[in-house]
Amino acid sequence: MNDVIEQPGLWGNAWRQLRRQPLAMLCLAILVVYVGVWVYAEATFWSAKIRGVTPAYKISNYDQRNLSPSREHPLGTNFAGRDNLNQIVQGTRIAFEIGLLTSVIVIPLGFALGAVAGYFGRKVDTGVVYLYSVVDSVPGILLILAIAYVVRSAVDRSVAMQTVTRYVDSGLLAVCVGMGFTGWVGLCRLIRGEYFKHRDRQYVLAARSLGASHTAIMFRHIMPNVLHLIIINFSLRFPGLILTEAVLSYLGVGVRDEPSWGAMINDAKQRLWLGNWWELGGATLAMLFLVLALNIFGDALRDALDPKLRTAEAKTG
Amino acid sequence: MSAYIIRRLLSVIPITIGVLLITFFLFRVIGGNPAYRIAGKNATPERIAQISKERGYDKPYFLNLQNFPREVFDAQFPRLLSSLVRFDFGISASTKQPVSRMLREGFLPSLCLTVPLFVIDLVLAVALALLAAYYRDTWIDRCLVVLSVLGMSISSLVYIMVAQYWLASEWRLFPVWGFEGPQYLVLPVLIGVVAGVGGSVRFYRTIMLDEMYQEYVRTARAKGLGGRTILFRHVLRNALIPIMTNVIVAIPFLYTGSLLLENFFGIPGLGRMTVIAVFNGDEEVLFATTFIGAILFVLANLATDIAYTWADPRIRLR
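Everything in this summary refers to the structure shown in the same document. Just so you know, these numbers come straight off a predicted model, no measurement behind them. (Residues numbered from 1 in each chain as written. Chains lettered and ligands numbered in written order. Predicted model: local features only at pLDDT ≥ 70, side-chain atom pairs only at ≥ 80, totals over all residues. Heavy atoms only, no water.)

**Describing the side chain of A:His198**
So, point 1. Along the chain, the position of A:His198 falls in helix 7 (residues 170-198).
So, point 2. Filtering out sequence-adjacent residues up to four positions away, A:His198 remains in contact with A:Tyr203, A:Val204, A:Ile222, A:Asn225 and A:Val226. (Helix = DSSP H or I, 4+ residues; strand = E, 2+ residues; numbered from the N terminus. Contact = heavy atoms within 4.5 Å.)

**Considering the packing of helix 5 (residues 140-157) of chain A against helix 7 of chain A**
In a packed pair of helices, the relevant descriptors are the angle between the two axes and the axis-to-axis distance.
Residue and element names in this part refer to chain A.
So, point 1. Two numbers describe how helix 5 lies on helix 7: the axes approach to 8 Å, and their chain directions differ by 140°. In terms of their interaxial angle, helix 5 and helix 7 are classed as oblique. The two elements helix 5 and helix 7 cross, and the hand of that crossing is right-handed. Of the residues in helix 7, those in contact with Leu 143, Ile 144, Ile 147, Ala 148, Val 151, Arg 152, Val 155 and Asp 156 of helix 5 are Ser 170, Gly 171, Leu 173, Ala 174, Val 175, Val 177, Gly 178, Met 179, Phe 181 and Thr 182.
So, point 2. For the contact of helix 5 with helix 7, the per-class residue count stands at 12 nonpolar, 4 polar and 2 charged. (Axes fitted to C-alpha atoms, helices over the stretch in contact; angles between N-to-C directions. Parallel < 35°, antiparallel > 145°, perpendicular 65-115°, else oblique. Left-handed = near helix turned anticlockwise from the far one by under 90°. Nonpolar A, V, L, I, M, F, W, Y, C, P; charged D, E, K, R; others polar.)

**Quick notes on the environment of B:Ala288**
Residues and elements named next belong to chain B.
So, point 1. Turning to its location among the elements, Ala 288 is positioned in helix 14 (residues 283-311).
So, point 2. For Ala 288, a relative accessible area of 0% translates into the label buried.
So, point 3. Between the alpha carbons of Ala 288 and Met 152 there is a distance of 32 Å; along the sequence they are 136 residues apart. (Buried < 20%, exposed > 50% of the residue type's maximum accessible area, 1.4 Å probe, protein only.)

**Description of the interface of chain A and chain B**
So, point 1. Chain A puts 43 residues into the contact, and the matching count from chain B is 44 residues.
So, point 2. Counting the surface lost from both chain A and chain B, the interface buries some 4,000 Å², and carbon and sulfur atoms represent 78% of this.
So, point 3. At the junction of chain A and chain B, the tally comes to 1 salt bridge.
So, point 4. One salt bridge connects B:Arg202 with A:Asp299, and the closest N-O pair in it is separated by 2.4 Å.
So, point 5. Linking chain A with chain B are 4 residue pairs in polar contact (both at pLDDT 80 or more).
So, point 6. Elements that contribute at least two residues to the side of chain A that touches chain B include exactly helix 4 (122-136), helix 5, helix 9 (214-251), helix 10 (261-272), helix 11 (278-305) and helix 12 (309-316) of chain A.
So, point 7. Sorting elements by how many residues they give to the side of chain A that touches chain B places helix 5 of chain A first, with 10 residues.
So, point 8. Classifying every residue of the side of chain A that touches chain B gives 29 nonpolar, 8 polar and 6 charged. (Buried area = accessible area lost by both parts, 1.4 Å probe. Salt bridge = Lys/Arg side-chain N within 4 Å of Asp/Glu carboxyl O. Polar contact = N/O pair within 3.5 Å; in protein donor to acceptor, adjacent residues only side chain to side chain.)

**Quick notes on the pattern of salt bridges**
So, point 1. Applying the stated criterion across every chain, the model contains 13 salt bridges over all chains.
So, point 2. Across the salt bridge formed by A:Arg192 and A:Asp125, the nearest N and O atoms sit 2.6 Å from each other. One end of the pair, A:Arg192, is in helix 7; the other, A:Asp125, is in helix 4, and 67 residues separate them in sequence. Each member of the pair, A:Arg192 as well as A:Asp125, carries the same accessibility label: buried.
So, point 3. Among the ionic pairs, A:Asp200 bridges to A:Arg199, the shortest N-O distance being 3.9 Å.
So, point 4. For A:Asp200, a relative accessible area of 53% puts it in the exposed group.
So, point 5. Salt bridges sharing common partners tie together A:Asp299, A:Arg302, A:Asp303 and B:Arg202.

**Focus: the packing of aromatic side chains**
So, point 1. One pass over the structure, following the stated rule, counts 19 aromatic pairs over all chains.
So, point 2. Considering the side-chain rings of B:Phe89 and B:Phe291, the 6.3 Å spacing of their centres and the 65° angle between planes classify their relative orientation as edge-to-face. Pair noted here: B:Phe89 is in the loop between helix 5 (76-85) and helix 6 (99-134) and B:Phe291 is in helix 14, with a separation of 202 residues, a long-range link. Both residues of the pair, B:Phe89 and B:Phe291, count as buried.
So, point 3. Geometrically, the ring pair formed by B:Phe253 and B:Phe297 is tilted, given 6.4 Å between the ring centres and 35° between the ring planes. Residue B:Phe253 is found in the loop between helix 11 (227-250) and helix 12 (259-265), and its partner B:Phe297 is found in helix 14; the two are separated by 44 residues along the sequence.
So, point 4. For B:Phe297, a relative accessible area of 7% corresponds to the buried category.
So, point 5. Through a chain of ring-to-ring contacts, the aromatic side chains of A:Trp38, A:Phe96, A:Phe234 and A:Phe238 assemble into a single cluster.
So, point 6. Here the basic side chain of A:Arg93 rests over the ring of A:Phe45, its NZ or CZ set 3.7 Å away from the ring centre.
So, point 7. Here the basic side chain of B:Arg136 rests over the ring of B:Tyr213, its NZ or CZ set 5.5 Å away from the ring centre. (Phe/Tyr/Trp six-rings, centres within 6.5 Å; stacked < 30°, edge-to-face > 60°. Lys NZ or Arg CZ within 6 Å of the ring centre and 35° of its normal.)

**Notes on a nonpolar patch on the surface**
Residue and element names in this part refer to chain B.
So, point 1. A grouping of Leu 21, Tyr 61, Phe 62, Leu 63, Leu 65 and Phe 73 is seen on the molecular surface, where their side chains present a nonpolar patch of about 590 Å² in accessible area.
So, point 2. For Leu 65, the location among the structural elements is in the loop between helix 4 (45-55) and helix 5.
So, point 3. A relative accessible area of 57% places Leu 65 in the exposed class. (Patch = residues over 30% accessible without salt bridge, like charges linked within 9 Å, V, L, I, M, F, W, Y side chains within 5 Å. Areas by Shrake-Rupley, 256 points an atom, 1.4 Å probe, with all protein chains shown as cover.)

The structure is reproduced here in structure tokens:
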């Protein structure tokens, strides 16, 4: 009597549904390529760091400035004679680092506040709602700009932070802090709503009657049921982060000593007038394909994992 | 209902205090004594001390416990609050102009840009979303979805640069830079619409489609109503609530303008002003804009709630 039918489960079902959508699978393939490029860029960056040499993408070559595309430089060279394609590869690394670093702030903050607010309700909830209403009532990009600017100047002044900025660009750090402390609101709302729904379910009542503590119920019992929201939220938030970084670069607080796509687009602006469109075009396309793939795949993933979320998200903003 | 409105209006107090605390924390606590920024790089310590004294930067941040209890509120943040409440925004440290005048001069250019942008975006997006919902699961719908996702995946910087370079500078269809007449606004508004409409279409389409699968739509179809009547008479009306939430909540942000477009096209609005203020550490401007912004935000949220009762008679505010 041990012929138990294997249930595919949430992830198995989602995967089966995704596999039927050619567009989503194409986007997944694109994402895999980007992750490959990212790993390669990270490897070259760290190997240069560890050996203590200047990485190839940072070596200036003033005899070869602003070259047109050629066999040697498929996308030409930039103002310092650096190969544009190589810059774009490193830009992929920056984009992923921004996504991850920001999430390091957003996910714990948004999740913890959302869970506590939704689970306890009442005064705790009022407090959390107050917190995110405050963040909401300032224009997003202005708040990010202000935080990033202030944090960057504080980091640059601080001696203690020098060990950190040796490895992470202070502009990148500041941008991530700015986007992190504004970006948690969306996730918090989502998680809060979900905890509201779960806290009176029978399995929670059962756990409570067996004497489980609030922390155990929140994190051991309810959390597994809402974890997929973090992944959906991440895949849909990531493209926004990449686009926002570009805007911040233009406004002057973006990544400074590393070739982010936003910084490349901004640099390219000054040479568009010379008919030098490949630098702008290359960075734009690199950004476009990643953002597009993330948008489409994120959408498909959300529909596969949680079909009701689409409208819930649209209605609460 | 009036009790509800009063309660909501009172929430303006904690929200504005919260917003000002963030600004205060960023620019005074982390940012350090603003006197250094005002005095410039080569200032003497005496000059710094003098500015600090004049502007009260030498006082404690929140509560003055030295002179307890008489002058306990003689501290930086309470003083800031009391002057803002009296709508006394002070004098900008970098432009030496009264902030109230800067705001008055800046908000009109901003609104000239954002209001047409907002209206065109809204009308176009709702129309396209209705089109997509009407032809759902056909090639028209699919094209619209793909185009809108594509549109939102391109950086707005690229839209601006490409349009400014080709349309304005190369083909001379529009002025490149400045704010001297209505023709200077055409290109920024156009770019803003193109860059923003994709996201809006996708958003409204989701809302419409959600309504399309409700039971009242099936009933309407069963009793023989045509597709168009269902769409405009029933679906659109029911979709009004989420649409209104989205629209009204966006209104307070119109007055701060568009940071990017104003900077690129040299429109002397509040967006440009606040960006410059961030870089100059010009707190007076930032305190004033965030203060007004927070008040408008609370008012807009209240307006959405009231609009709900108007759109949906089942909703009662208590």
